[in-house]
Amino acid sequence: MHRRSTVEFVSERSRVETGLVTSTPASVSTPPGGTPLRLGTRGSALAMTQSGTVARRIEELTGRPVELVRIKTEGDVRTGSLASLGGTGVFVTALREALLDGRCDVAVHSLKDLPTTPHPELTYVTPEREDPRDALCARDGLTLATLPTGARVGTGSPRRAAQVRAARPDVEVVDIRGNVGTRLDRALGPDADLDAVVLATAGLKRVDRTDVISEYIPVETMAPAPGQGALAVEVRSADITPGASGSIPDHGLADALADLDHPATRLAVLAERSVLARLEAGCAAPVGAHAVLSDGGLRLRAVVAAVSGAGRLTRTLSADLGPYAVGDRACADPQLDEIARDLGVRAAEALLDAGADDLAPLGTPVSVSAVERHSSEGPSAEGA
């Protein structure tokens, strides 16, 4: 059973300082007719690839040409670990500023980079998710279990680092930055100084580099970042919502967003990000969550790990989605959104009750009303 949502879009408020912004249009293709839509994207190969895929789909749905506008974000120009740069939102703020001041009409983000706090003027949806697992990229086909004692494993993510340490306390975790190619070279290049790196499977698939994966790490071993593998396609709410700021909505764009939305993905990532919001955890907190829709229900596994890898708490909860979900499919329905949101909050509270805030650096818990309310739905700022 599958029907389009009629609920109102709501989205998120950025929480980090302004980033450096530059933009250069790049045509995707030239379908006939219509005013071009400008799609804002980061300029990395991964970001351009995933944004290009979204652009082509929007062209198909609207019949309008789409231009890619490259936006340089703060995370692209500052050095240091992601946690030291401010974590959540470091790759997002400049894109949102370009969207709000009219330099682009649509923005594409990796969903896990978005803050969980709603933005009062923006709306996003989530297309169907790619594989959310993390991937080990090591020489000689080595896996996390078969890496030699003392092996050097690179990652820029505190979540990944903590779970590598938990699984293999005898290896050395090295903090790294850079794009996909740069990080892969650290382990697989001619001047490699690491034995392996951990990256997101989704990013490697999108840039057609699955050949470098020596192990798809099971989610039971390494819980993904909330929202990992999913994209957020974001627009100004006034452009699609009747009556917003007295503007006339773009019905073609609104319909395209509704078609881009994937209800099963939306429900899974909403539950995962609700864990993050309830814990008020950011990039510096080793928090993972993975939800999946199956047999008419939503199953969520949430993890909080000690930064040192010395301890880890896991809670798994499920919720029945009722008659509007069959197998791994669901319709877009606001009641299902509430069920998914509540599931995430309950999982987070179970972790807090078990002492998660003593185990890892978490913030003051926030109320469920502060969790994103992403309607037709449609932080941890990690690289691929």
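Refer to the preceding data block for the structure.
Residues numbered from 1 in each chain as written. Predicted model: local features only at pLDDT ≥ 70, side-chain atom pairs only at ≥ 80, totals over all residues. Heavy atoms only, no water.

## Regarding the environment of Thr201
Link 1 in the chain: Relative to the assigned elements, Thr201 resides in helix α6 (residues 201–206).
Link 2 in the chain: Between the C-alpha atom of Thr201 and that of Tyr216, which follows or precedes it by 15 residues, the distance is 7.4 Å.
Link 3 in the chain: What Thr201 contacts, discounting residues up to four positions off in sequence, is Asp131, Arg133, Asp134, Ala135 and Tyr216. (Helix = DSSP H or I, 4+ residues; strand = E, 2+ residues; numbered from the N terminus. Contact = heavy atoms within 4.5 Å.)

## Structural notes on the packing of helix α8 (residues 263–279) against helix α9 (residues 334–353)
Think of two packed helices as two axes; the pair is described by the angle between the axes and how far apart they sit.
Link 1 in the chain: Close contact between α8 and α9 brings their axes to 7 Å; oriented N to C, the two are set at 40 degrees. What the angle tells us is that α8 and α9 run oblique. The chirality of how α8 crosses α9 is right-handed. Listed contacts from α9 to Arg266, Leu267, Leu270, Ala271, Ser274, Val275, Arg278 and Leu279 of α8 are Leu336, Asp337, Ala340, Arg341, Gly344, Val345, Ala347, Ala348, Glu349 and Leu352.
Link 2 in the chain: By residue class, the composition of the contact of α8 with α9 is 11 nonpolar, two polar and five charged. (Axes fitted to C-alpha atoms, helices over the stretch in contact; angles between N-to-C directions. Parallel < 35°, antiparallel > 145°, perpendicular 65-115°, else oblique. Left-handed = near helix turned anticlockwise from the far one by under 90°. Nonpolar A, V, L, I, M, F, W, Y, C, P; charged D, E, K, R; others polar.)

## Considering the sheet that holds strand β8 (residues 172–175)
Note: strands within a sheet are paired through backbone hydrogen bonds, in either parallel or antiparallel orientation.
Link 1 in the chain: The strand order β8-β7-β9-β6-β10 describes an open sheet built from five strands, whose pairing is mixed. Only two strands of the sheet have a single neighbouring strand rather than two, namely β8 and β10 (215–217). Ignoring which end each strand starts from, the neighbouring axes of this sheet average 30 degrees apart.
Link 2 in the chain: In terms of strand pairing, strand β6 (residues 134–138) meets β10 through three bridges, oriented antiparallel. (Pairing = 2+ DSSP bridges.)

## A word on the nonpolar core
Link 1 in the chain: Counting 35 residues, the largest nonpolar core has Val275, Leu279, Val287, Leu298, Leu300 and Leu362 as the members making the most contacts within it.
Link 2 in the chain: Elements with a minimum of two residues in this core: α8, β12 (287–294), β13 (297–305), β14 (312–320) and α9.
Link 3 in the chain: In terms of residue count, α8 provides more of this core than any other element does, eight residues in total.
Link 4 in the chain: Discounting chain neighbours no more than four positions away, the residues touching Leu362 are Leu279, Glu280, Ala281, Ala285, Val287, Leu352, Ala356 and Asp357.
Link 5 in the chain: Leu39, Leu68, Val108 and Val235 belong to the second-largest nonpolar core, a separate cluster that totals 19 residues. (Core = buried A, V, L, I, M, F, W, Y, C linked by side-chain atoms within 4.5 Å. Buried < 20%, exposed > 50% of the residue type's maximum accessible area, 1.4 Å probe, protein only.)

## Quick word on helix α4 (residues 158–167)
Link 1 in the chain: Among the residues of α4, Arg159, Arg160, Ala161, Ala162, Gln163 and Val164 are the ones counted as buried.
Link 2 in the chain: With a side-chain oxygen lying 3.2 Å from the backbone nitrogen of Arg159, the N-terminal cap of α4 falls on Ser157. (Polar contact = N/O pair within 3.5 Å; in protein donor to acceptor, adjacent residues only side chain to side chain.)

## Examining α9
Link 1 in the chain: Across its 20 residues, α9 extends 28 Å between first and last C-alpha, which sits within 8% of the 28 Å expected from 1.5 Å per residue.
Link 2 in the chain: For α9, every residue scored as buried is listed here: Leu336, Asp337, Ala340, Arg341, Leu343, Gly344, Val345, Ala347, Ala348, Leu351 and Leu352.
Link 3 in the chain: Buried residues belonging to α9 abut α8, β13, β14, β16 (329–330) and α10 (356–359).
Link 4 in the chain: Where α9 terminates, the next one or two residues include Gly355, which has phi positive at roughly 100 degrees. (Expected span 1.5 Å × (residues − 1).)

## Examining unusual backbone geometry
Link 1 in the chain: Although it is not a glycine, Asp140 sits at a positive phi angle of roughly 65 degrees.
Link 2 in the chain: Relative to the assigned elements, Asp140 resides in the loop between β6 and β7 (152–155).
Link 3 in the chain: With a phi angle near 55 degrees, Asp295 is a residue other than glycine that sits in the positive phi range.
Link 4 in the chain: Checked against the element boundaries, Asp295 lands in the loop between β12 and β13.

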